[in-house]
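This is what each chain is made of:
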Amino acid sequence: MNDSELQPIDIVTQRAHQAFIEMGSIKGVERSKAVKQMAIKLKECLDDILQANTLDLEISKEMAVPELISDWLKLTPQRLESAIEILETLAELPDPFQKVINSPYQVTYCQNYSQLMPLGVVALIYEALPELAIITAGLAIKTGNSLILRGSSEASNTNSIIAQALQIALEDVDFPSFCLQFLPSEQGFKIEDLVTQDQYINLIIPYGRPSLIQEVTQFATAPVLKSAMGNCYLYWSLCNDLELVKHIITDSYNTIPDPVNAIEKVLINCQQKSNSITRLFNHLQEQKFTLLGDEILVNEYPEHLQLISTPMWGKPFLNHTIAFRVVDDLSSAIAWINNYSSGHANCLITDSYQEGRIFAMETDSALVYVNSSPRFYRYLPGSNSVFLGISNQKGNRRGLISLETFTTVKQIVVGSGEV
């Protein structure tokens, strides 16, 4: 479709903007057809994509890529097929711009209403996790946006062939050239160069380790929607259902390959029974978790816990490591969570309805789970919901990154010549 790697970054973004303008006349049924065609083309290229991924994995071994990135990079047939299924689901959803929304406030004495509209040009900067390009392309094209993909060097071969398949699919349905562009990291496209193109880029979504998110937000002049991962807290109140505690912690790690909402820190009520705590530690160690604790717990359970360093209470582990701390009560737990958690997903286990309400209202978190696993689903089979990730920032689209994240609101006022 295009040769982005041969063009300066300002030309790439300008072309993306022009493609977005051209897409303004494309109907919802045509956008759905384009998303469906992307799924069809990816199925045709399935073996080629997996072969390219095998090559990337072999190269990553020689480059001593961190284990976390290797796990993200490994694109299994199941992961690839799940991403294609997400495209098929998006293709069947109604046009997100069909609905007219009642205006939440009156701006004049005339009739006024709101309408969802496309954002414009979206840039995804992602670390390994090649299937994210597929999901983001589906969300962007379904909502009439142009998309610029900038993957990491570890997945260069996989990213390239996925982007080619997506571009060919869009060509097949006569979508504007440059509505989807891929920037190979090895071609010298620096993150700083991309994120400062605020004249044409309307939203940047970084996805990866905290270091990547920090790099993007540090340099960006275009709007950034930060995605969050890890450092989710659970407060275990005076609930006696140990099996529920075990399930919620272990199930939170079952999102493959990036357990976005994995519970990495557990606050335990100081009146919790010692034998229940011991049984929990034994269970988690049997599941190959590494366990850390505060000084009080380490002294009481030295055979189970290692001492955590203070700064780690506010940082994600992004592996099978869980840290434990004793707190006095619910208010102490909420205060600690609000100070140290990532603020995107936190959990409570309790027998008290009142505690659940207080936790839900006072915890500074985009998502709150009460007696429920916070496990993250990009797509729950049988549902109509597709999520790219979760944002923990305020002042923008906080929470689940969905179709609506790729839209903005236009307010429309209709009068009869009133003055």
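The structure contained in this document is the topic of the report that follows. (Residues numbered from 1 in each chain as written. Predicted model: local features only at pLDDT ≥ 70, side-chain atom pairs only at ≥ 80, totals over all residues. Heavy atoms only, no water.)

Right, let's get into the overall build of the protein. The number of helices and strands found in the protein is 14 helices and 16 strands. The C-alpha radius of gyration of the protein comes to 23 Å, within 12% of the 22 Å expected for a compact globule of 419 residues. Principal-axis analysis of the C-alpha atoms gives the protein an extent of 65 × 65 × 40 Å. Residues counted as buried form 55% of the 419 residues belonging to the protein. When contacts within the protein are restricted to residue pairs at least 6 apart in sequence, long-range pairs at least 24 apart make up 74% of them. Working note: accessible area of the protein is about 18,600 Å², and carbon and sulfur atoms make up 48% of it. Side-chain charges in the protein split into 30 positive and 47 negative, and the spacing between the mean points of these groups amounts to 3 Å. (Helix = DSSP H or I, 4+ residues; strand = E, 2+ residues; numbered from the N terminus. Rg over C-alpha atoms; globule rule 2.2 N^0.38 Å. Buried < 20%, exposed > 50% of the residue type's maximum accessible area, 1.4 Å probe, protein only. Contact = heavy atoms within 4.5 Å. Areas by Shrake-Rupley, 256 points an atom, 1.4 Å probe, with all protein chains shown as cover. Lys, Arg positive; Asp, Glu negative; His and termini not counted. Charge placed at Lys NZ, Arg CZ, Asp CG, Glu CD.)

Another aspect to go through is the environment of V266. With respect to the helices, strands and loops of the structure, V266 is situated in strand β8 (residues 263–269). Counting along the chain gives 11 residues from V266 to I277, while the straight-line C-alpha distance between them is 11 Å. Setting aside its immediate chain neighbours within four residues, V266 contacts L234, I249, I322, A323, F324 and R325.

Our focus in this paragraph is the packing of aromatic side chains. Taken as a whole, this structure holds 5 aromatic pairs when the rule is applied. Considering the side-chain rings of F281 and F324, the 4.8 Å spacing of their centres and the 70 degrees angle between planes classify their relative orientation as edge-to-face. With F281 in helix α11 (residues 274–286) and F324 in strand β11 (residues 321–327), the pair connects residues that are 43 residues apart, well separated along the chain. Across the pair, F324 and F281 agree in class, each one buried. One aromatic cluster is present, formed by F281, Y301 and F324 through successive ring pairs. Cation over ring: K265 sits above F317, and NZ or CZ is 4.5 Å from the ring centre. When the ring centre of W336 is taken as origin, the NZ or CZ atom of R325, which lies over that ring, is 3.8 Å away. (Phe/Tyr/Trp six-rings, centres within 6.5 Å; stacked < 30°, edge-to-face > 60°. Lys NZ or Arg CZ within 6 Å of the ring centre and 35° of its normal.)

Attention now goes to the packing of helix α2 (residues 28–44) against helix α5 (residues 77–92). At a minimum axis distance of 8 Å, the contact between α2 and α5 shows a crossing angle of 160 degrees. Judged by the inter-axis angle, α2 sits roughly antiparallel to α5. The hand of the α2/α5 crossing is left-handed. In this structure, α2 uses S32, V35, K36, M38, A39, L42 and K43 to contact α5, whose residues at the interface are I84, L87, E88, L90 and A91. (Axes fitted to C-alpha atoms, helices over the stretch in contact; angles between N-to-C directions. Parallel < 35°, antiparallel > 145°, perpendicular 65-115°, else oblique. Left-handed = near helix turned anticlockwise from the far one by under 90°.)

Attention shifts here to the sheet that holds strand β9 (residues 290–293). Pairing within the open sheet is parallel, and its 7 strands lie in the order β10-β9-β11-β8-β7-β12-β13. The sheet terminates laterally at β10 (306–307) and β13 (367–370), the two strands that pair on one side only. Strand direction decides the pairing type here: β9 and β11, joined by 4 bridges, are parallel. Its bridge partner lying in β11, L291 is registered against I322. The strands that α11 touches are β7 (232–236), β8, β9 and β11; relative to β11, the one it contacts most, it runs at about 170 degrees. (Pairing = 2+ DSSP bridges.)

Considering the arrangement of structural elements, one finds N112 in strand β2 (residues 111–118). Separated by 3.1 Å, the side chains of N112 and Q411 make a polar contact. Those residues in contact with N112 that lie beyond four places of it in its chain are S103, Y105, Q106, V107, Q411, I412 and V413. (Polar contact = N/O pair within 3.5 Å; in protein donor to acceptor, adjacent residues only side chain to side chain.)

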